[in-house]
Amino acid sequence: MPEGHTVHRLARALGELFTGEALAVSSPQGRFAAGAAMLDGRVVVASEAWGKQLFLGFAADAATGREEVRWLRVHLGLYGAWTFAGDGSTAVVHAIGAPRRRIGERETVPAAGPGEPPASAQRDDAWSPPAPRGAVRVRLLGEHAVADLTGPTACEVVTAEEKAAVEARLGPDPIRDAGPGEPDPREVFVERVRRSRSPVGLLLMNQDVVAGVGNIYRAESLFRARLDPLRPGRDVPAEVLRDLWDDLVVLMHDGVRTGAIVTTRPEDRDAGGAPSPDVAADPGRRRARVRQNADGAPGAVPADEAFYVYHRDGLPCRVCGTPVLHQELAGRNLYRCGVCQA
């Protein structure tokens, strides 16, 4: 499931592609036909993210009051993805002359190569969008680009009041700045963790406590804080939680900027790369590799050096050398170091 930084990147990409433009909105799959009809021909006036929730605002025209905006709310869930194609005339890297690929934690959309003209300049015929591929729930078609949504957990048109109600149920988002009159998000996070007996590792995955944190940021932020994931939230000192929040703010903003989650400090990246004896003795054991948008980019941190504990079970801890542990917590994989996070 995409984590919060990916959804913020999608909101930014959609906003850069379509803000101020009246879109043709359709549902090739047919399951969203009524919702698409409500948005078809309307102008995109806003593109926002709160945690893992994406909101795209449509209005009759650019001057429409915010209270009259209709919002497309999308939650990608486990299987949802946006795919993009464009004619190359837009300056948005995510869509310039690109094939239709996912923009998320697994794939990236490349721009034209160095020195190459954009796709629109490489041919004489007028651009036409590719045919929908797969079960496309929503298609957003503008003059120069198209965005297709497949497999979302949630996809609906909501009013401004309904959007506010969804946001009211969410915890604070480390990537999102607090609006006027809103409480300090760090203190809201601290209060919600400390009033619960649940393990802090479970609370970090609760979108009512903190919005946008997924399994990677959960595992890595707890390691960096040297916190035992099973420690009850109410037993974690407030100052430790404030430091944890501040670290999430830095890590997740960096994820928005680069398209990759990198949590290791430079001095720790060369350590802990060799498998422990039990893993080395089992050559049939295949370790999952987390692909990221920055893979292959010049100067990017290699994926196998990006994390301290996530998907590194059985490998030596980059700090203390003991094998990283793996267990399940509420049906999700949990990774930790039994020494550093004792």
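Just above, that's the structure.
Remember, it's a predicted structure, so these values are computed and weren't measured experimentally. (Residues numbered from 1 in each chain as written. Predicted model: local features only at pLDDT ≥ 70, side-chain atom pairs only at ≥ 80, totals over all residues. Heavy atoms only, no water.)

Engineer: What am I meant to see in helix α4 (residues 185-194) here?
Structural biologist: Each α-helix turn comprises 3.6 residues. Residues three or four places apart therefore point the same way. For α4, the set of buried residues is Pro185, Val188, Phe189, Val190 and Val193. For α4, the elements touching its buried residues are α5 (200-203) and α7 (238-258). For α4, the side-chain oxygen to backbone nitrogen distance between the N-cap and Arg186 is 3.0 Å, and the N-cap itself is Asp184. (Buried < 20%, exposed > 50% of the residue type's maximum accessible area, 1.4 Å probe, protein only. Helix = DSSP H or I, 4+ residues; strand = E, 2+ residues; numbered from the N terminus. Contact = heavy atoms within 4.5 Å. Polar contact = N/O pair within 3.5 Å; in protein donor to acceptor, adjacent residues only side chain to side chain.)

Engineer: Which parts of the structure should I look at to understand the packing of aromatic side chains?
Structural biologist: The geometry of an aromatic ring pair comes down to the distance between the two centres and the angle between the two planes. All chains considered together, the criterion is met by 4 aromatic pairs. Measuring from ring centre to ring centre gives 5.6 Å for Phe307 and Tyr310, while their planes differ by 90°; the resulting arrangement is edge-to-face. Among the residues examined, Phe307 registers a relative accessible area of 4% and is labelled buried. Note on Tyr310: relative accessible area 12%, which makes it buried. Centre to centre, the rings of Tyr310 and Tyr335 are 5.4 Å apart; their planes meet at 75°, and the pair counts as edge-to-face. With a gap of 25 residues between them, Tyr310 in the loop between α8 (277-280) and β9 (324-329) and Tyr335 in strand β10 (residues 332-337) connect regions that are remote in the sequence. Per residue, the accessibility class of Tyr310 equals that of Tyr335, and both read buried. Of the aromatic side chains, those joined through ring pairs into one cluster are Phe307, Tyr310 and Tyr335. Sitting above the plane of the Phe55 ring, Lys163 keeps its charged end 5.1 Å from the centroid. (Phe/Tyr/Trp six-rings, centres within 6.5 Å; stacked < 30°, edge-to-face > 60°. Lys NZ or Arg CZ within 6 Å of the ring centre and 35° of its normal.)

Engineer: What is the right way to look at the packing of helix α1 (residues 4-18) against α7 in this model?
Structural biologist: Two packed helices can be described by the angle between their axes and the distance between those axes. It is the contact of α1 with α7, at a shortest axis distance of 8 Å, that shows an interaxial angle of 45°. One way to sum up the angle between α1 and α7 is to call them oblique. When the axes of α1 and α7 are compared, the crossing they make is right-handed. Together, Gly4, His5, His8, Arg9 and Arg12 of α1 and Met252, Gly255, Val256, Arg257 and Thr258 of α7 make up the contact between the two elements. Partitioned by chemical class, the residues of the contact of α1 with α7 number 2 nonpolar, 5 polar and 3 charged. (Axes fitted to C-alpha atoms, helices over the stretch in contact; angles between N-to-C directions. Parallel < 35°, antiparallel > 145°, perpendicular 65-115°, else oblique. Left-handed = near helix turned anticlockwise from the far one by under 90°. Nonpolar A, V, L, I, M, F, W, Y, C, P; charged D, E, K, R; others polar.)

Engineer: So what exactly am I meant to see when it comes to a negative patch on the surface here?
Structural biologist: A cluster of acidic residues, Glu67, Glu68, Glu161 and Glu162, forms a negative patch at the surface. Inspection of the secondary structure puts Glu67 in the loop between β3 (53-59) and β4 (70-75). (Patch = residues over 30% accessible without salt bridge, like charges linked within 9 Å, V, L, I, M, F, W, Y side chains within 5 Å. Areas by Shrake-Rupley, 256 points an atom, 1.4 Å probe, with all protein chains shown as cover. Salt bridge = Lys/Arg side-chain N within 4 Å of Asp/Glu carboxyl O. Lys, Arg positive; Asp, Glu negative; His and termini not counted. Charge placed at Lys NZ, Arg CZ, Asp CG, Glu CD.)

Engineer: Would you mind going over the sheet that holds strand β5 (residues 81-86) with me for this structure?
Structural biologist: As a general point, the strands of a sheet are linked pairwise by backbone hydrogen bonds and lie either parallel or antiparallel. Strand order across the open sheet formed by 4 strands is β1-β6-β7-β5, with antiparallel pairing between neighbours. At either end of the open sheet lies a strand with only one pairing partner, and these are β1 (24-26) and β5. On average, each strand axis in the sheet is tilted by 15° relative to the strand beside it, whichever way the strands run. In this sheet, strand β7 (residues 145-150) lies alongside strand β6 (residues 136-141) in antiparallel orientation, the contact comprising 5 bridges. Residue Val138 lies in a different strand from β7, and its bridge partner there is Leu149. (Pairing = 2+ DSSP bridges.)

Engineer: Mind showing me how you'd approach a nonpolar patch on the surface here?
Structural biologist: There is a patch of nonpolar side chains on the surface, built from Met1, Leu78 and Tyr79 and spanning about 370 Å² of accessible area. Structurally, the position occupied by Met1 is in the segment before α1.

Engineer: I keep staring at α7 and nothing clicks. Help me out?
Structural biologist: Given a rise of 1.5 Å per residue, 21 residues ought to cover 30 Å, and the 30 Å separating the end C-alpha atoms of α7 matches this to within 8%. Every buried residue of α7 is accounted for by Ala238, Leu241, Arg242, Leu244, Trp245, Asp247, Leu248, Leu251, Met252, Gly255 and Val256. Check the buried side of α7 and you find it contacts α1, α4 and α6 (215-224). Downstream of α7 by a residue or two, Gly259 has a phi angle that is positive, lying close to 80°. (Expected span 1.5 Å × (residues − 1).)

Engineer: Explain the pattern of salt bridges to me, please; I cannot follow it from the model alone.
Structural biologist: Pairing of side chains with opposite charge becomes possible as their charged atoms draw close. Per the stated rule, a full pass over the model turns up 12 salt bridges. Note that Lys163 is salt-bridged to Glu48, the shortest N-O span being 2.9 Å. Placement of the pair is Lys163 in helix α3 (residues 160-169) and Glu48 in strand β2 (residues 43-50), with a sequence separation of 115 residues. The buried category is assigned to Lys163, whose relative accessible area is 6%. The exposure class assigned to Glu48 is partly exposed, which follows from its relative accessible area of 23%. For Glu187, the salt bridge is made with Arg242, and the minimal N-O distance between the two is 2.8 Å. Within this pair, whereas Glu187 is found in helix α4, its partner Arg242 is found in helix α7, the two being separated by 55 residues in sequence. Via salt bridges that share partners, Arg186, Glu187, Glu239, Arg242 and Asp246 belong to a single interconnected network.

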